[in-house]
Amino acid sequence: MTTEVQAALVQLEVDGQTVAVPEGSTLLEAIRALGKDVPTLCYHPVLEPIGVCRICVVEVEGSRTLVPACIRKVEPGMRVRTDTPRVRLSRRMVAELLQSSVDTSLAPDVQRYAEEYGARPERWARFRPEGPPRPRAPKVDNELYVRDLDRCILCYRCVRVCGEEVQNSFAIAVAGRGLEARIDPGFDLPLPESACVFCGNCVAVCPTEALVPKTQFEMRRAGTWDETRQRVVTTVCPYCGVGCNLELHVQDDRIVKVTAPPDDPITRGFLCIKGRFGWTYVHAGVDPKPEMKTP
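Here goes a summary of the coordinates provided.

When helices and strands are tallied, the protein shows seven helices and 12 strands. Taking 19 Å as the expected radius of gyration for a compact globule of 295 residues, we find that the protein reaches 21 Å, a close match to that expectation. C-alpha extents for the protein along the principal axes are approximately 70 × 65 × 40 Å. Across the 295 residues of the protein, 45% fall into the buried class. Long-range contacts, defined here as pairs at least 24 residues apart, represent 55% of the contacts in the protein between residues at least 6 apart. Looking at the protein as shown, the accessible area adds up to about 16400 Å², and 53% of this sits on carbon and sulfur atoms.

Now for the sheet that holds strand β1 (residues 9–14). Strand order in the open sheet formed by five strands is β2-β1-β5-β3-β4, with mixed pairing between adjacent strands. At either margin of the open sheet sits one strand with a lone partner, and together these are β2 (17–22) and β4 (67–68). In the sheet, strand β3 (residues 57–60) pairs with β4 via two bridges, with the strands oriented antiparallel. Bridge pairing in β4 links V57 to P68. Most of the contacts of helix α2 (residues 85–101) go to β3, to which it runs at about 155°, and overall it touches β3 and β5 (79–81).

Time to look at the side chain of Q251. Mapped onto the fold, Q251 is located in strand β11 (residues 245–251). Residue class for Q251 comes out buried when judged on its relative accessible area of 2%. A polar side-chain atom of Q251 sits 2.7 Å from the main-chain carbonyl oxygen of T224. Once residues within four sequence positions are removed from consideration, Q251 is found in contact with M219, T224, W225, D226, R229, Q230 and V256.

Along helix α6 (residues 214–222), the positions that sit buried rather than exposed are K214, T215, Q216, F217 and M219. The secondary structure elements touched by the buried residues of α6 are β6 (145–147), β9 (211–213), β11 and β12 (254–259). Once α6 finishes, G223 follows within two positions and takes phi at roughly 75°, a positive value.

As enumerated under the stated definition, the model contains 23 salt bridges in all. E75 is the partner of R72 in a salt bridge, and the nearest nitrogen-oxygen pair spans 3.4 Å. Residue R72 is classed as partly exposed on the basis of its relative accessible area of 25%. The partner of K214 in a salt bridge is E143, with the nearest N and O atoms 3.1 Å apart. Within this pair, whereas K214 is found in helix α6, its partner E143 is found in the loop between α3 (108–116) and β6, the two being separated by 71 residues in sequence. When its relative accessible area of 61% is taken as the criterion, E143 is described as exposed. Among the charged side chains, a network of salt bridges with common partners joins E13, E61, R79 and R81.

What follows concerns the sheet that holds strand β10 (residues 230–236). Strand order across the open sheet formed by three strands is β10-β11-β12, with antiparallel pairing between neighbours. Two strands in the sheet have a free side with no partner beyond their single neighbour: β10 and β12. Between one strand axis and the next, the sheet turns by 30° as a mean value, whatever way the strands run. Relative to β11, β10 runs antiparallel, the two sharing seven bridges. Note on β11: the bridge partner recorded for V233 is L248.

Bringing the packing of α2 against α3 into the picture now. In contact at an axis separation of 9 Å, α2 and α3 are set at 130° when each is read in the N-to-C sense. Of the possible angle classes, the one that applies to α2 and α3 is oblique. Taken as a pair, α2 and α3 cross one another with a handedness that is left-handed. Of α3, the residues touching α2 (which contributes R88, A95 and Q99) are V110, Q111, A114 and E116. Split into classes, the residues belonging to the contact of α2 with α3 amount to three nonpolar, two polar and two charged.

The topology assignment puts R91 in helix α2. There is no salt bridge for the buried R91, and the closest opposite charge comes from D83, which lies 4.5 Å off by N-O distance. At 2.9 Å, the side chain of R91 and the backbone oxygen of V57 are in polar contact. Only 2.9 Å separates the side chain of R91 from the side chain of Y117, close enough to count as a polar contact. Leaving out residues up to four positions away in the same chain, R91 has contacts with V38, P39, I55, C56, V57, V58, T82, D83 and Y117.

What counts and what doesn't
Residues numbered from 1 in each chain as written. Predicted model: local features only at pLDDT ≥ 70, side-chain atom pairs only at ≥ 80, totals over all residues. Heavy atoms only, no water. Helix = DSSP H or I, 4+ residues; strand = E, 2+ residues; numbered from the N terminus. Rg over C-alpha atoms; globule rule 2.2 N^0.38 Å. Buried < 20%, exposed > 50% of the residue type's maximum accessible area, 1.4 Å probe, protein only. Contact = heavy atoms within 4.5 Å. Areas by Shrake-Rupley, 256 points an atom, 1.4 Å probe, with all protein chains shown as cover. Pairing = 2+ DSSP bridges. Axes fitted to C-alpha atoms, helices over the stretch in contact; angles between N-to-C directions. Polar contact = N/O pair within 3.5 Å; in protein donor to acceptor, adjacent residues only side chain to side chain. Salt bridge = Lys/Arg side-chain N within 4 Å of Asp/Glu carboxyl O. Parallel < 35°, antiparallel > 145°, perpendicular 65-115°, else oblique. Left-handed = near helix turned anticlockwise from the far one by under 90°. Nonpolar A, V, L, I, M, F, W, Y, C, P; charged D, E, K, R; others polar. Lys, Arg positive; Asp, Glu negative; His and termini not counted.

Spelled out as structure tokens, the structure:
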């Protein structure tokens, strides 16, 4: 007979409301326990929080600086404010700096936060007298997914997924410093020459389409990618006995992308190369490919 030991509860105050959460919880978990929320970008529910984007900051009474809610642990008697003018100013600045440094047009969360906090990224242009950096061409060096570094906000989700938290491939890391910082497989190698196993789990957690399935990339370029015309069909991967649950994204009666349910207790939203990319045989011999259609 086993006895389950429950963690002690910690009571704190969030925006005037009292909440009690298990000891060791983060402020983000306490805030969400009240049915409230704060914006997040680098945070992913499956990964260890690292607090690099700083858009989830909140104000804690007695703390000199704003604190990132995703990594700060709760303490008894804390008094937290999630929507003060100081907090909103900080979040607005984070959104502005991201939008002034990379293309966030395909990053719905960044777009939403920028609008909510009134971001004006153009006001940072005067700090770059040489003008915006020269656009870099997307890296298309394999048949499965594309890297568009001009859309990368350096949230490190992909690096953590590729490393010990999920895949243990360690194929990518952060190279360079400052504005030259970028996600790279090492020495700017093409992915087929790196340790990448093409599971695509980095693609699954990318919030900006800096990493995107090649089919989706090509359909966007052709102007045919339309999520309003897509439906999701759930099924089970046929390749092995594990039986991972799959979500087939179908547009015009063709599979255009495969994902896994993030709340699946087995996969947690992650797949292998066969599950994520091994679906093209379904349409073998059927033309034209959806990405080659014109609107």
